[in-house]
Amino acid sequence: MPTSAELEKQVGFERRQIKGGLERLRSNNKKLLEKEYASATVFGSASIETLLPHLIEFIDEKKEARKKVAVDGAGHLIQLLPYIFDIDTESQAVITAKLTFDKLFSPRKENSKVVNIVQAIGSSLESESQMRYYETSAPGLFETLKANYWHQAKGTEYKRKSMQTLMSKHDEIKKWIPWNRIEKIKVGTWFLDCLLHSSGWFERHVFMYRGKKQQFLAPTEKFLKNKEEIIRLAELFSPLSWPMLIEPRDWSPVHEGGYYLNDLTRCHDMVRRGVPLCVQGEITYQFLNQIQKVKYRLNPFIVEIAKVLEDKEIEVGKFRPVMNHPDPAQPPNMEDEEVRRAWRKEKAIARNKNANEWRISCRTRMTMNCVREFEDKEYYYIPWSYDYRGRAYPIPAFLTPQDTDFGKSLIRFAEEAPITEDGMKWLAFQVSTTYGLDKATMEERLAWVDKPENIQLIKRVATDPINNIGDWEGADEPFQFAAACEEYYSVVLAKTRSTTGLLVATDATCSGLQILAGLAKDKSTARLVNVLPSDKPQDAYQVIADKCRDQIPERLRPYWDRKKTKRVVMTIPYNAKPFSNRQYIREAFKDIDIEIDKDELTQTVKAVRNAMEAVVPGPMKVMRWIEQEVAQAIKNGAEIISWVTPSGFNVNQRLMKHNHKIVELKLLGRCQVKVLDQEKGVDIRHHKNATAPNLIHSLDATLLHMSATKFNAPIALIHDSVLCRATDMSHLSTLVRETYMYIFTETDFLKDFAQSIGAETEPPIIGDLEPEAVIDSTYFFC
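Residues numbered from 1 in each chain as written. Predicted model: local features only at pLDDT ≥ 70, side-chain atom pairs only at ≥ 80, totals over all residues. Heavy atoms only, no water.

1. Here's the deal with the pairing of strand β2 (residues 212-219)
Defined as follows: Pairing between two strands requires that DSSP report at least two bridges joining them. For the purposes of this entry, the term helix denotes a DSSP run of H or I that reaches at least four residues, the term strand denotes a run of E that reaches at least two, and both are numbered from the N terminus.
Across 8 bridges, strand β1 (residues 202-209) lies against β2 in antiparallel orientation. Bridged to Y209 within β2 is K212. Here β1 hands over to β2 after 2 residues, with R210 in that stretch at a positive phi of 55 degrees.

Encoded structure:
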């Protein structure tokens, strides 16, 4: 239990998080308003999302009315028809809402004049129509010019003008006929009226302004109440999520865990997207509370490397500091038009790069800010929670095991363990695995570290990483490799330390197929994915590649290998369909500069999927059975598909239909729009596709729940991967294998699942696998 002083310190720390979150939210809103981007503020974006379905419906109704006017041939508004029907309603609604918010809430009073708002709406609608006209007239040229001239540092008007100028140089493209000011105002007025009538949020007022009466747009009381509520809710959930200075509060069926202050605990449920008030099993609470008691500290070796790289603006792997690109020097002969034009182009490119830097470096900057916050802390803790399938996730976004390569390399277990002979082997395993030997045998990985040239490599990286960046930046996981080199050198080679706290990781081999092999009790699949013991790691990707080689187009066979099948084989257990299979295979061939046509792609995908049916029959049958029975359960009236895992975690899969449309605006970007007449009821298709993957995820989570609760040492997790100290890895690996054996021998989970969803047919269990054999499998987790 924390002392009163420790608790007071943590509470003060949490108050800083609350204050910091509020300050960040308010500062972001202020900056956006100053830049006249009210539509991007928290109240603007939420309000527009609520407004759009109603606005779209209203515009559609008004368009139908205008069509009747056109048929009757009456009304002066008939002249607006070409403009009103020029582009789709969703795009018109998005543009109208965005421009209205940006102008109305601008700090400049002038912008909220009705005439300025409607002209801005009309101009933006014309720009969108103009860009679509160019794209339709010359799609290839449009994309080329867009890629070469639309610098991010420039605004939408620059992009429109540059495209217009460049397109006008091509005689074969008919010139765009611009809308005049009156037309823009009439069109803008028509769409603004639609917004006012559909929302009731704004109204016109006449004020004396600069000596004469002028019409302004102003928010109504209805909108101000809506805005106030949006901001209140945003501020409620704005606190920053940092690691903790003391042990997080335990989770239990009667109170929330993690942080101590209510302002933080109400932001984080124990089960994300879970069913409220659902009580979980005892092991579920025990597991989460256990991993929250693990102490971490920063790795000073990696922190020092990061500071130097940040200062010198050096990019390595996922570490991306802000890199400044100065404007090019003015050439002496600026009077030369071509020289001046070239200089301006270089200047635009440099400024475009600088505009991108802040966005690209965001993750690194935020991580380094967190590093500076915890650099002087002796240790810290991480509060955890579950997703609705039972997988554990850290609540903080930084300094956790579930981060980028750079983020993971920054942390160590604060409670170190004396090194052992077995621990030395696992440190060597971590060195070679992070370097890139993750598919090699255990013996090959250990032998790689023992080579004299690699011992020298490890020494150079450990003793002088900055001057030897070339030795480690090309590793598969460069920062974790550097951290492993330093640990191995200090503990094993130089022996300057006698304890180890490095996080050593082992992963499941084809986790999806391992779980499905256990469910189907399919011996052939189990052997293929290292559930059964073998002298070297089995390679399911290569076996399937060999199996389907004769069935793929002859032209592709010389290039066919495991890499071409890997993503397909990995994702089929998670219900990847032929469409995504096609994309993965196309990309795999594109990596070696080989284009594959439509028919070849169809034949190749079919060959791989047929090979899967032959090589891993049990998993394929189980997935089809799950789809069939879940669909039937939904048809029989089920709204939620539920099951309880062997660790006692209650999974409640609730997937409802939502009608959305993606709007691609040429100048203003991409957004998702909700449609007002949302479909009601359960999304049967989503349930069919999601249940097998979610069942797998819930079981690989259960495997870790039950293993960790038997493990009396620091442990961390990344979905289907476990991390612990090198001295503990052999014991943890044994526990994981024993737990897999228990889940698939002591329980008959697939039958339990069938009963929980009311299945009408028996599950397809092959039954020739004896999971007890996994105890002797070296490469089950590796």
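2. Concerning the confidence of the model for the protein
The criterion, for reference: For every residue, the predictor reports its confidence as pLDDT, a number between 0 and 100. Two residues qualify as a contact provided that any one of their heavy atoms is within 4.5 Å of a heavy atom in the partner residue.
Residues at a pLDDT of 70 or more form 95% of the protein, whose mean pLDDT is 88. Summarising per-element confidence for the protein, the mean pLDDT is lowest in strand β14 (residues 669-674) (72) and highest in strand β4 (residues 296-298) (97). Here residues 71-76 scores under 50 on pLDDT; set against residues more than four positions off or in separate chains, the count is 3 contacts.

3. Examining the nonpolar core
Under the convention used in this document: As used here, the term nonpolar core means buried Ala, Val, Leu, Ile, Met, Phe, Trp, Tyr and Cys residues forming a set that is joined through side-chain atoms within 4.5 Å. Type-normalised accessible area, obtained with a 1.4 Å probe on protein chains alone, sets the label of each residue: buried when under 20%, exposed when over 50%, and partly exposed for intermediate values.
If you look at the biggest cluster of nonpolar residues, it comprises 159 residues, and the most contacted ones within it are L399 and W472. In contact with L399, other than residues within four places in its own chain, are P243, L298, C370, V371, F374, Y380, I382, L410 and I411. In terms of nonpolar packing, the next biggest core, distinct from the first, is built from 54 residues, I56, M167, W190 and I230 among them.

4. Here we look at the sheet that holds strand β16 (residues 721-724)
To keep things clear, this is the line we draw: Here an axis means a line fitted to C-alpha atoms, over the contact stretch when the element is a helix, while the angle between two N-to-C directions is reported on a 0 to 180 degree scale.
Spatial strand order, β10-β16-β15: 3 strands in an open sheet with antiparallel pairing. Pairing within the sheet leaves two strands with one partner each, and these edge strands are β10 (504-507) and β15 (716-718). Sheet twist, expressed as the average angle between the axes of neighbouring strands with direction ignored, equals 25 degrees. As judged from the 3 bridges shared by β15 and β16, these two strands associate in the antiparallel manner. Residue pairing in the sheet places I718 in a bridge with S721 of β16.

5. Side note on unusual backbone geometry
Here R273, not a glycine, exhibits a phi torsion of approximately 60 degrees, which is positive. Judged by relative accessible area, R273 falls into the exposed class, the value being 65%. One non-glycine residue with positive phi stands out, namely E313, at about 55 degrees. You can see E313 is positioned in the loop between α12 (300-312) and α13 (337-360).

6. Here's the deal with the packing of helix α23 (residues 540-548) against helix α24 (residues 562-571)
Test applied: To sort the angles, those under 35 degrees are grouped as roughly parallel, those over 145 as roughly antiparallel, those from 65 to 115 as roughly perpendicular, and the leftovers as oblique. Each residue gets one of three labels, nonpolar for Ala, Val, Leu, Ile, Met, Phe, Trp, Tyr, Cys and Pro, charged for Asp, Glu, Lys and Arg, and polar for the others, Gly among them.
Remark: α23 packs on α24, axes separated minimally by 8 Å, with the N-to-C direction vectors making an angle of 110 degrees. By the angle between their axes, α23 is roughly perpendicular relative to α24. Packed against α23, whose contacting residues are Y541, Q542, I544 and A545, the element α24 presents R562, T565, K566, V569 and M570 at the interface. Counted by class, the contact of α23 with α24 contains 5 nonpolar, 2 polar and 2 charged residues.

7. Some words on the side chain of Q653
The test is simple: We call two N or O atoms a polar contact when they sit within 3.5 Å, provided that within protein one can donate a hydrogen and the other can accept it, with sequence-adjacent residues counted only if both atoms are side-chain atoms.
Following the sequence through the fold, Q653 ends up in strand β12 (residues 650-653). Among the polar contacts listed, one links the side chain of Q653 to the side chain of T691, at a separation of 3.0 Å. At 2.8 Å, the side chain of Q653 and the side chain of N694 are in polar contact. Dropping the residues within four chain positions of it, Q653 is found in contact with Y388, E639, I640, I641, W643, H687, A690, T691 and N694.

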